[in-house]
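Report on the structure
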Amino acid sequence: MRVLIVDDEERMTESLREYLASEGIDAAVAGEGRAATRLLGEEAFDAVVSDLRMPGMGGLELLRWVKEEGPGIPLIVISAHGELRDAVEAMKLGAYDYLVKPFDPDELVIRLRKAVAERRSALRLAAGQLRFGQGGGLVGESPAIVEVLRLIGKAAPTASTVLITGESGTGKEVAARLLHERSGREGPFVAVNLGAIPENLMESELFGYEKGAFTGAETRKAGLFETAHSGTIFLDEIGELPLHLQVKLLRAIQERKVQRLGALQGIPIDARLVAATNRDLEAEVRSGRFREDLYYRINVIRIRMPALREREGDRTLLAGFFLKKLSGELGRKVEGISPDALRILEVHDFPGNVRELENAIERALILAEGPVLQPRDFQFFIPTAGGGAGADAGGGADAGGGADAGLGHGALPPMSLAELERRAIAAALERNAYHREKSAAELGITRRTLLNKIKSYGLEPPASIRD
């Protein structure tokens, strides 16, 4: 983080710069507003801390410049006891916060980190909104999703079969569509959910049938493989395919032909096969429920879709993307998501992954009463002891990712703000191996505050780390 301190009291600015440096914050100094505008025009800063009364350009004039002509970064006002009216005016003009001299530098550090974190979240939210309509649909910048996009880029131009794995709601069909869009194939993208087709109809749906092949077959019908000619056929939940149809699928892949029910000869097809599953196919092979030879045929290129908990930093981007997409579909004029609501999205587990996040945004848009989504618009729930993996106020399978999400049943208490804070602190400590300085920096609080929270919530490190 880099901060600009603007004050004509040289002793105060130098001592403040040294203190900020001890907290890992780089700071530059300007003696009045005009000098500050020159620095802000030449160098990149994350925030400004400015006195109100200074010779030349004062704090209020500097604030107007930052908001209207400058970089638009958060500005925290420092005021003396007799300048409260000016401090209030600064807040009306868009100052992020104000502190009255003399102030605790720890408090300034807390507010700076909070201001910068909120601006970065707002920028990521806006970036997610800009990505709507750009195609692809795989929104994110985390290493996990970057690797997925790299593999898609490599695999798309080929005709090789692709197997996409991952938990329910991670975006396997989105990845399959992106593979098709980047393949250059002129035919259609045909998505088939094998888990939704009754077993007695599966063969005729996939491979078609001839007139008179069975009772009721009054005309010839092309199967979905033929429909996908020159394009891509996406077989979702391929682990649901019965063994006798696994044999027929294997033959179709090997011979590049399909045989309709009742036909004597096969029909050549040119359809690129992409399969997906949330099952452990290796375990299915070992148990005899999935053919080993078919497994190796479909597992030429494998793409694993990461769970949302593995995609650090992507939630805000995705929230912005879904906000733009769904507000248009629902006809709701919602401009953004409040910082407090974004913090809730960052700490919620999302067992239903990206699908659950999208449903949460949709529900919030419907419930929202103002132009900005607030914490009250998001109704997440946590499990009781032994109550399963959690659920939300939507209550239905779609809201939590379906049966695969492992949602608990029965009445579940709402997640309190204290519980949200406890979980956020616990997660930061775990990510940073209980290194308190790093955890405090990530959370945007001082080390002293973190120590108090650890004691309050009983979050001492496990014995293996303490030793």
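To start, this report covers the structure provided alongside it.

Each value, and the rule that gives it
Residues numbered from 1 in each chain as written. Predicted model: local features only at pLDDT ≥ 70, side-chain atom pairs only at ≥ 80, totals over all residues. Heavy atoms only, no water. Pairing = 2+ DSSP bridges. Helix = DSSP H or I, 4+ residues; strand = E, 2+ residues; numbered from the N terminus. Axes fitted to C-alpha atoms, helices over the stretch in contact; angles between N-to-C directions. Contact = heavy atoms within 4.5 Å. Phe/Tyr/Trp six-rings, centres within 6.5 Å; stacked < 30°, edge-to-face > 60°. Buried < 20%, exposed > 50% of the residue type's maximum accessible area, 1.4 Å probe, protein only. Expected span 1.5 Å × (residues − 1). Polar contact = N/O pair within 3.5 Å; in protein donor to acceptor, adjacent residues only side chain to side chain.

**As for the sheet that holds strand β13 (residues 272-277)**
An order of β7-β10-β13-β6-β14 is seen for the five strands of this open sheet, with the pairing classed as parallel. In this open sheet, the two strands that pair with only one neighbour each are β7 (189-193) and β14 (301-304). Across the sheet, the mean angle separating the axes of adjacent strands is 20° when strand polarity is ignored. Pairing analysis gives four bridges linking strand β6 (residues 162-165) to β13, with the strands arranged parallel. When the sheet's bridge partners are listed, V162 is paired in β13 with V274. Most of the contacts of helix α7 (residues 172-181) go to β6, to which it runs at about 155°, and overall it touches β6, β7, β10 (232-236), β13 and β14.

**Topic: the sheet that holds strand β5 (residues 97-100)**
Read from one edge to the other, the open sheet built from five strands follows the order β2-β1-β3-β4-β5, with strand pairing classed as parallel. Where the open sheet ends on each side, the last strands, each with one partner, are β2 (26-30) and β5. Shown here is a sheet whose adjacent strand axes are inclined to one another by a mean of 20°, direction ignored. Pairing of strand β1 (residues 2-6) with strand β3 (residues 47-51) involves four bridges; the strand directions are parallel. Along β3, the bridge assignment pairs I5 with V49. Contacts between helix α1 (residues 10-22) and the sheet are confined to β1, β2 and β4 (75-79), with β2 contributing the most and set at about 170° to the helix.

**A few points about the packing of aromatic side chains**
This model, assessed by the stated rule, comprises five aromatic pairs. With centroids separated by 6.1 Å and ring planes inclined at 20°, the aromatic side chains of F189 and F234 adopt a geometry described as stacked. Taken together, the residues F189 in strand β7 and F234 in strand β10 connect sequence positions 45 residues apart. Residue class for F189 comes out buried when judged on its relative accessible area of 16%. When the centroid spacing of 5.5 Å and the interplanar angle of 10° are considered together, the rings of F207 and F225 count as stacked.

**Re α7**
For α7, the set of buried residues is K172, A175, A176, L178, L179 and H180. Elements that come into contact with the buried residues of α7 comprise α6 (143-155), β6, β7, β10, β13 and β14.

**Digging into helix α15 (residues 353-367)**
With 15 residues, α15 ought to run about 21 Å at 1.5 Å a step, and its terminal C-alpha atoms sit 21 Å apart, in line with that. Turning to α15, its buried residues number three or more, namely N353, V354, E356, L357, N359, A360, I361, R363, A364 and L365.

**Quick look at the side chain of D314**
Note on placement: D314 falls in helix α13 (residues 314-330). At 3.1 Å, the side chain of D314 forms a polar contact with the side chain of R311. Apart from the residues lying within four places of it in its own chain, the contact partners of D314 are R124, V139, G140, E141, S142 and I145.

**Focus on unusual backbone geometry**
Looking along the chain, the bond that leaves K101 and enters P102 is cis, with omega of -10°. When you line up the elements, P102 lands in the loop between β5 and α5 (105-131). The phi angle at E237 is positive, at roughly 55°, despite the residue not being glycine. Relative to the helices and strands, E237 is located in the loop between β10 and α10 (243-255). The phi dihedral of F350 is positive, around 50°, even though this residue is not glycine.

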